[in-house]
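# What the coordinates show
Residues per chain, in single letters:
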Amino acid sequence: MGFIPIRWSGADLPFAAVPAILTPLSATLVHGGLLHLALNLLILLWCGTLVERVLGIGSMILLYLVAAYTSALAQWAVDPSAVTPMIGASGAIAGIIGAFALSFGRPRRFVKSNFVNQLINAVWLLAAWIVLQLMTGFLGGTQGLMIATPAHVGGFVAGLLLQRPLLLWRYRGA
């Protein structure tokens, strides 16, 4: 059920498996242990409930699905020949964290343009997220190799990019 990047590169498995196109979703259902599952559920509960209030349930589900695929695409882009399965919902939840950060963070005023200030804020959040992911992998030692850093970054980017359009869509008639 895990996402195996080489399958998106065209390789077949010698055993029955979930179709490769569905593995970014099925991988979110499989975790590496109870702690992995508990941390993902905690962040989903904490950030997800607030993002749902802002964006609505439909947009929240769409964001989760798009972030799941974006995280898989990022993982594949870094190493398309990888055979290690990527499991967990962390990439999809990283998308929700990105939307949460934009929804509840306050951009500093650097220039007179609100758009430029929001763009600076998003770039700053992305840079901080990348550093956080790299440090988590580094501090994990040899286990850090098993952390899907590109997937976490890809999911976060999806959250940053989709937050505003989904927000505008929800309040389009207001």
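What counts and how
- Within each chain, residues carry numbers counting from 1 in the order of the written sequence.
- In keeping with the model being predicted, local features are shown solely for residues with a pLDDT of at least 70 and side-chain atom pairs are shown and tallied solely at 80 or more, while totals for entire chains, interfaces and linings include all residues.
- Side-chain metrics rest on all non-hydrogen atoms present in the structure, leaving aside hydrogens and water.
- UniProt positions are given in the numbering used here, feature names are shortened, and annotations may be inferred rather than shown by experiment.
- Lines fitted to the C-alpha atoms define the axes, with helices restricted to the stretch that makes contact. Angles between their N-to-C directions range from 0 to 180 degrees.
- Only DSSP runs of H or I with at least four residues qualify as helices, and only runs of E with at least two residues qualify as strands; both kinds are numbered from the N terminus onward.
- Any angle that falls under 35 degrees is termed roughly parallel, while one over 145 is termed roughly antiparallel, one within 65 to 115 roughly perpendicular, and all others oblique.
- It is the rotation of the near helix from the far one that decides the hand of a crossing: anticlockwise by less than a right angle makes it left-handed, clockwise makes it right-handed.
- Should any heavy atoms of two residues lie within 4.5 Å, those residues are considered in contact.
- Each residue receives one of three labels: charged for Asp, Glu, Lys and Arg, nonpolar for Ala, Val, Leu, Ile, Met, Phe, Trp, Tyr, Cys and Pro, and polar for the others, Gly being one of them.
- Pairing of aromatic side chains here covers Phe, Tyr and the six-membered ring of Trp, requires ring centres within 6.5 Å, and sorts the geometry by plane angle: under 30 degrees stacked, over 60 edge-to-face, intermediate tilted.
- Burial classes follow relative accessibility: with a 1.4 Å probe on protein chains only, a residue under 20% of its type's maximum area counts as buried, one over 50% as exposed, and anything between as partly exposed.

Labelled according to an unreviewed UniProt entry, the protein chain appears under the name Rhomboid family intramembrane serine protease, originating from Sphingomonas sinipercae. Regarding the protein chain, the relevant UniProt record gives this comment under Subcellular location (unreviewed entry): "Membrane".

Where helix α6 (residues 114–139) meets helix α7 (residues 149–170), the axes come as close as 10 Å, and the angle between the chain directions of the two elements is 160°. In terms of orientation, α6 lies roughly antiparallel with respect to α7. Crossing angle aside, the handedness with which α6 passes α7 is right-handed. Every residue of α7 that contacts α6 at Ala122, Leu125, Leu126, Trp129, Ile130, Gln133 and Leu134 is listed here: Thr149, His152, Val153, Phe156, Val157 and Leu160. Residues of the contact of α6 with α7, tallied by class, amount to ten nonpolar, three polar and no charged.

Scanning all chains against the criterion turns up four aromatic pairs. With 4.9 Å between their ring centres and 85° between their planes, Phe3 and Trp8 make a pair best called edge-to-face. For Phe3, a relative accessible area of 0% corresponds to the buried category. Relative to Phe100, the ring of Trp46 lies with its centre 5.4 Å away and its plane at 50°, an arrangement referred to as tilted. Taken together, the residues Trp46 in helix α3 (residues 34–55) and Phe100 in helix α5 (residues 90–104) connect sequence positions 54 residues apart. Note on Phe100: relative accessible area 16%, which makes it buried.

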